[in-house]
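# Secondary and tertiary structure notes
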Amino acid sequence: MAQTLDQLLDLVQQRLVALWPAPWQPWVAAFLGAAAIVATFGGLFALTTWLERKGLARIQNRLGPNRVGPYGLLQPIADGLKMLTKEDIVPRAADQWIHFLAPILKVVPVLLAYSVIPFGRHLVALDLEAGLLFFFAVGSATEIAVFMAGWGSRNKYSLLGAMRAIAQLISYEVPLVLSAVSVVLVAGTLSLPAIVDSQAGHGWAGLANWHVFTPWGLAGFVLFMIAATAKTNRSPFDLPEGESEIIAGHMVEYSGFKYALFYLGEYLSLFAISGVGITLFLGGWRAPVAWLDWVPSYLWFGAKLLGCIAVFIWLRGTMPRLRADQLMNFAWKFMLPMSLVTLVAAAMWHATATWTFPGAGLWRWVLGAALLLLPYRALSRSLTQRGRLGPRRYRFAD
Amino acid sequence: MFGAGLLKGLAETARNFVGSYHDPARLPTVEYPERRLELPENARVFPFLVYDGADPERGLRCVACKICEKECPPQCIYIVLERDERGKPQKHPRVFDLDISVCMSCQICVEVCPFDAIRMDTAFEWSTPDRFGGLLLHKTDLAKPNRYYHQIHPTEAAETDARLAAEQAKAEAKAKAQAKPKAAPPQPAATPAAATP
């Protein structure tokens, strides 16, 4: 029974594909997978806008949307209708084609990136050998979309926002990929389903062997999530958008459906990157403890994804926006060294995997934690003492 | 240590989030159209006309003296005196209009009124699709019973009523005192009372 439930989506797809003649079947299977991904994550986008507005409202001691439908649940539909019925304005000076293509290019690569994420047992659209590489390669294409939007609009705020966005996205790509590389180093594969398999089994006290339960994995996960926040333009790293200073940045000349597409792309990339973070560090679709294995795998993935989304909303409700120089300092002076240190700690963990003497597990933990905490301490001390990340000192205004 | 402040901030927002579900101090919103806060007693929005008794036309305290019209800083009051068929003034307004799109709620009309006829109302839901006619209040819209005045400003209304009753008693006593010695001459008793309004 549990087996059937777990494979329910696969079985449905097989039944539907079997209805078609043999030469068409691969195409139908691909189409079904793509349709399911677009429908699921499109729906999740709608749900997340509601969750985000409600969550932020509660954090700010408000009630949030509660007028459209029960608990305001139909608010995304109202928002969508409003977006669709708005006039689509293209500035006369804009580069028509680039302005038109940018929102599409923002969404399509993200949807492509979903194809390699394993959402459940055997539930992956495209089981690529180098899936992780594919994910990051395709995900980077959205940076071009952002710059196209900024450049094509021919507006100084658009261009400023796009410049900021490019600087930020490229800077945070480095720690993002480096923290993912530490997982690749330990798992020895770039295929995402294989990485999930490398976290199979249960260790001490019945806890799963997820990478996040190791010293380097925890650090890597935190670094990955911080970099993901920056990569998906979310607060506190939302200064490419920066409503208060450059009025939505590269999106300032967009309206109506194209503007909605930018938001769709942003949220979809958030889900995709959370999905990869889950796959890399949180054991993908695996249950945290052995006696919960009967719950269908895709439900575990969904629960973890919602948890990640909740954390992102929580962060957005807490952190103020960074300044551009703080952002860059943080990326190059803190995130990059720390992700390199994490890589070293992961290498140590991998090298000591063959230790068998009594107390080896404890020693590995102590070594790994020391390898991470000492550089962290030194880094934070040097950064705060030299005033590089501390409060701003004004040279002339004092 | 680096990052401790971030964790502190996250804890604070989490307290807000959880507290908003059970702690009224962390969710002070009152959902207005369904539930509303009670207005403070001294709340004031736009003026209204007080009338005594049951008839809003005859019980109106206003005598159309036009003091409020002249004192009104934005000049939002318009009064026309009632005259009978022979053209005699009637101590009653035929027209009393108040443009609330102009009124600035200063309460000067209330302060200058010698008859306690105009008072500040607390009704504030005046939105209308017609910005000219809908915001111009006529005598019929403005006349509200003394009972209503007691409801919205109990202390002030009680004070006004007590003062009015005392003044009336005093006037009656004076009239009686004047009426007694002048009972013999055929002069009508109403003349001195009418001369001092």
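In this text, all values refer to a predicted model and were calculated from it rather than measured experimentally.

## Regarding the overall build of chain A
When you go through chain A residue by residue, the secondary structure sums to 15 helices and 0 strands. Relative to the globule expectation of 21 Å for 398 residues, the C-alpha radius of gyration of chain A, 22 Å, shows essentially globular dimensions. Principal axes of the C-alpha set define a box for chain A whose edges measure 75 × 70 × 40 Å. A burial count over chain A gives 49% of its 398 residues as buried. Here the contacts in chain A between residues at least 6 apart in sequence split such that 75% fall between residues at least 24 apart. Accessible surface, chain A as shown: approximately 19500 Å² in total, 70% of it carbon and sulfur. Charged side chains of chain A number 31 positive and 21 negative; the gap between the two group centres comes to 9 Å.

## Points about the sheet that holds strand β2 (residues 77-83) of chain B
All names here are of chain B. As summarised here, the arrangement of the 3 strands in space is β2-β3-β5, forming an open sheet in which the pairing is antiparallel. With partners counted over all chains shown, the strands left at the sheet margins are β2 and β5 (136-137), one partner each. Relative to β5, strand β3 (residues 89-99) runs antiparallel, the two being bridged by 2 bridges. Pairing of aspartate 99 across the sheet is with leucine 136, part of β5.

## Points about the side chain of A:Ser179
Residues and elements named next belong to chain A. With respect to the helices and strands, the residue serine 179 is situated in helix α8 (residues 156-187). On the accessibility criterion, serine 179 (0% relative accessible area) is buried. Of note is the side chain of serine 179, whose polar atom sits 2.9 Å from the backbone oxygen of leucine 176. If sequence neighbours within four positions are ignored, serine 179 has contacts with Gly220, Leu223, Phe224, Phe281 and Ser339.

## Some words on the packing of aromatic side chains
All names here are of chain A. Taken as a whole, this structure holds 25 aromatic pairs over all chains when the rule is applied. Measuring from centroid to centroid gives 5.2 Å for tyrosine 172 and phenylalanine 237, while their planes differ by 50°, and the two rings are tilted. Within this pair, whereas tyrosine 172 is found in helix α8, its partner phenylalanine 237 is found in the loop between α10 (215-231) and α11 (243-246), the two being separated by 65 residues in sequence. Each member of the pair tyrosine 172 and phenylalanine 237 is classed as buried.

## So, the packing of α8(A) against helix α14 (residues 324-351) of chain A
Where α8(A) meets α14(A), the axes come as close as 8 Å, and the angle between the chain directions of the two elements is 10°. Viewed along their axes, α8(A) and α14(A) adopt a mutual orientation that is roughly parallel.

## Section: the sheet that holds strand β1 (residues 47-51) of chain B
All names here are of chain B. One open sheet holds the 3 strands; their spatial order is β4-β1-β6, and the pairing between them is mixed. Looking along the sheet, the strands with just one partner apiece sit at the ends: β4 (118-120) and β6 (143-145). Going from strand to strand, the sheet's axes swing by 50° on average, the running direction of each strand aside. Sheet topology places β1 next to β6; 3 bridges connect them, and they run parallel. Its bridge partner being in β6, valine 50 is matched across the sheet by lysine 144.

Basis of the calculations
- Residues numbered from 1 in each chain as written.
- Chains lettered and ligands numbered in written order.
- Predicted model: local features only at pLDDT ≥ 70, side-chain atom pairs only at ≥ 80, totals over all residues.
- Heavy atoms only, no water.
- Helix = DSSP H or I, 4+ residues; strand = E, 2+ residues; numbered from the N terminus.
- Rg over C-alpha atoms; globule rule 2.2 N^0.38 Å.
- Buried < 20%, exposed > 50% of the residue type's maximum accessible area, 1.4 Å probe, protein only.
- Contact = heavy atoms within 4.5 Å.
- Areas by Shrake-Rupley, 256 points an atom, 1.4 Å probe, with all protein chains shown as cover.
- Lys, Arg positive; Asp, Glu negative; His and termini not counted.
- Charge placed at Lys NZ, Arg CZ, Asp CG, Glu CD.
- Pairing = 2+ DSSP bridges.
- Polar contact = N/O pair within 3.5 Å; in protein donor to acceptor, adjacent residues only side chain to side chain.
- Phe/Tyr/Trp six-rings, centres within 6.5 Å; stacked < 30°, edge-to-face > 60°.
- Axes fitted to C-alpha atoms, helices over the stretch in contact; angles between N-to-C directions.
- Parallel < 35°, antiparallel > 145°, perpendicular 65-115°, else oblique.

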